[in-house]
Amino acid sequence: MASRIGFIGTGNMGASILRGILRSGLTGPENIYIFDPDTAKMEALTNDTGVRACSGNVELVGMSDYVILAVKPAAVPQVLQEVKESFTDRKVLVSIAAGISIDMLAQHLGQSRKIVRTMPNLPLMAGEGMTVISFGEHTSEEEKETVKNLFRGSGQVEVLEERLMNEVIALTGSSPAYVFMMIEAMADGAVQQGIPRKTAYRLAAQSVLGSAKMVLETGLHPAELKDQVCSPGGTSIEAVKALEKCGLRHAVMSAMKACTKRAVEISSSFESR
């Protein structure tokens, strides 16, 4: 792959996507350009990976075929205004900013521009991310495949209609927080019973990881897998009963509904600007 890839922003997400690209062998560091106002962070990443640092966003856009916009949503309008004149119809913008639609990005950059909206999640830092992608109408099939490959080095990729993006934030973008809370609660329960905390975290995390892997690899319904664990009159069914009594399903579904509501509010706030 000879395409040049630029990263505007090298925080946790941007740097992790970059490292995933290098790890996958999709391209080498000589074809990756970065810029971040935090010069210390940028220098550390260039020293560690060998990628090329730019003096500013305009230079980066000029050097890149694919520009990954990895800044906080509030910074997006200012960055796009800065690079607007440098962004031609041959370049592809890939945004990871939550709540900002393709149409809103096009309003700042130009309606004829090639724009891709993505929703990666935090586990991509461990190479096990889930990135959901929506493509703008001007991107070619070859460009779509390239964008998908950019994220495959950090985990799995799924393409969805953009109208579902706010809903998917609750399912993939924010859901690691729910899982982390569950792991913490499981560990707390184990500590209460005398298991050392570090051991409890490790055992709980591996159990969650293994359970998720079974869902993905067996193709069985989660309820069917649950039934395999719950023996008649056994310990697991007692735990399930307690979770149902406490409203686990309702709590998770309510959390996702609240998350989606907030995503819609954030998106609306940008549309009103």
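You'll find the structure just up there.
Residues numbered from 1 in each chain as written. Predicted model: local features only at pLDDT ≥ 70, side-chain atom pairs only at ≥ 80, totals over all residues. Heavy atoms only, no water.

Quick look at the sheet that holds strand 8 (residues 155-159) now. Reading across from one edge, 3-2-1-4-5-6-7-8 is the order of the eight strands in this open sheet, with mixed pairing throughout. The sheet is open, and its two edges are formed by strand 3 (52-53) and strand 8, each paired on a single side. For strand 1 (residues 5-8) and strand 4 (residues 66-69), the ladder comprises four bridges, and the chain directions are parallel. Residue Gly-6 lies in a different strand from strand 4, and its bridge partner there is Val-67. (Pairing = 2+ DSSP bridges. Helix = DSSP H or I, 4+ residues; strand = E, 2+ residues; numbered from the N terminus.)

The subject of this paragraph is the nonpolar core. Counting residues in hydrophobic clusters, the biggest one holds 50 residues, and the most contacted among them are Phe-7, Ile-68, Val-147 and Phe-151. Here the element with the most residues in this core is helix 5 (residues 102-109); it accounts for five residues. Val-147 has contacts with Tyr-66, Val-92, Val-94, Val-116, Ile-133 and Phe-135, leaving out every residue within four places of it along the chain. Counting eight residues, the second-largest nonpolar core is a separate cluster that includes Met-119, Val-132, Val-168 and Cys-259. (Core = buried A, V, L, I, M, F, W, Y, C linked by side-chain atoms within 4.5 Å. Buried < 20%, exposed > 50% of the residue type's maximum accessible area, 1.4 Å probe, protein only. Contact = heavy atoms within 4.5 Å.)

Looking now at the side chain of Ser-101. Along the chain, Ser-101 falls in the loop between strand 5 (92-95) and helix 5. Excluding residues within four positions of it along the chain, Ser-101 makes contact with Arg-117 and Glu-162.

Interaxial distance between helix 7 (residues 165-173) and helix 8 (residues 175-192) falls to 5 Å at its minimum, and their mutual angle equals 30 degrees. Classed by the angle they form, the pair helix 7 and helix 8 counts as roughly parallel. Taken together, the residues of helix 8 that come into contact with helix 7 (itself represented by Ile-169, Ala-170, Leu-171, Thr-172 and Gly-173) are Ser-175, Pro-176 and Tyr-178. (Axes fitted to C-alpha atoms, helices over the stretch in contact; angles between N-to-C directions. Parallel < 35°, antiparallel > 145°, perpendicular 65-115°, else oblique.)

Checked against the element boundaries, Arg-23 lands in helix 1 (residues 12-24). Taking the C-alpha atoms as reference points, Arg-23 and Val-252, separated by 229 residues in sequence, lie 34 Å from one another. If we ignore the near neighbours within four places in the chain, the residues touching Arg-23 are Gly-127, Gly-153 and Ser-154. Looking at Arg-23, its side chain comes within polar contact range of the main-chain oxygen of Gly-153, at 3.0 Å. (Polar contact = N/O pair within 3.5 Å; in protein donor to acceptor, adjacent residues only side chain to side chain.)

Moving on, we come to the pattern of salt bridges. Using the criterion set out here, one finds 14 salt bridges in the structure. Between Arg-152 and Glu-145 there is a salt bridge, with the nearest N and O atoms lying 2.8 Å from each other. Connected through shared salt-bridge partners, Glu-145, Lys-148 and Arg-152 make up one network. (Salt bridge = Lys/Arg side-chain N within 4 Å of Asp/Glu carboxyl O.)

In this section: the pairing of strand 4. Every second residue of strand 4 is oriented toward a common face, with Tyr-66 and Ile-68 on one face and Val-67 and Leu-69 on the other, all of them buried. Two strands pair when backbone bridges link them, and strand 4 and strand 5 are joined in this way by four bridges, in the parallel orientation. Its bridge partner lying in strand 5, Ile-68 is registered against Val-94. Note on the crossover from strand 4 through helix 4 (residues 76-83) to strand 5: the handedness is right-handed. (Right-handed = clockwise from strand over helix to strand, strands pointing away.)

Attention now moves to the pairing of strand 1. With burial as the criterion, each face of strand 1 is covered, one bearing Ile-5 and Phe-7 and the other bearing Gly-6 and Ile-8. Relative to strand 2 (residues 32-35), strand 1 runs parallel, the two being bridged by four bridges. When the sheet's bridge partners are listed, Ile-5 is paired in strand 2 with Ile-32. At this point the chain moves from strand 1, through helix 1, to the parallel strand 2, and the crossover so formed is right-handed.

Attention now goes to helix 9 (residues 197-218). Helix length check: helix 9 (22 residues) gives 31 Å between terminal C-alpha atoms against 32 Å at 1.5 Å per residue, within 8%. Among the residues trailing helix 9, Gly-219 stands out with phi positive, at a value near 75 degrees. (Expected span 1.5 Å × (residues − 1).)

Turning to the environment of Glu-82, a few remarks are in order. With respect to the helices, strands and loops of the structure, Glu-82 is situated in helix 4. For the pair formed by Glu-82 and Leu-109, sequence separation is 27 residues and the distance between their alpha carbons is 9.8 Å. Excluding residues that lie within four positions of it along the chain, Glu-82 makes contacts with Asn-57 and Val-58. In terms of polar contacts, Glu-82 uses its side chain to reach the side chain of Asn-57, at 3.2 Å.

This next bit is on helix 1. The terminal C-alpha atoms of helix 1 lie 18 Å apart, and with 13 residues this matches the ideal 18 Å at 1.5 Å per residue to within 8%. Among all positions of helix 1, only Gly-14, Ala-15, Ser-16, Ile-17, Leu-18, Gly-20 and Ile-21 are buried. Looking at the buried residues of helix 1, the elements they touch are strand 1, strand 2, helix 2 (39-49), strand 4 and helix 6 (141-152). Backbone geometry just after helix 1 places Gly-25 at a positive phi near 80 degrees.

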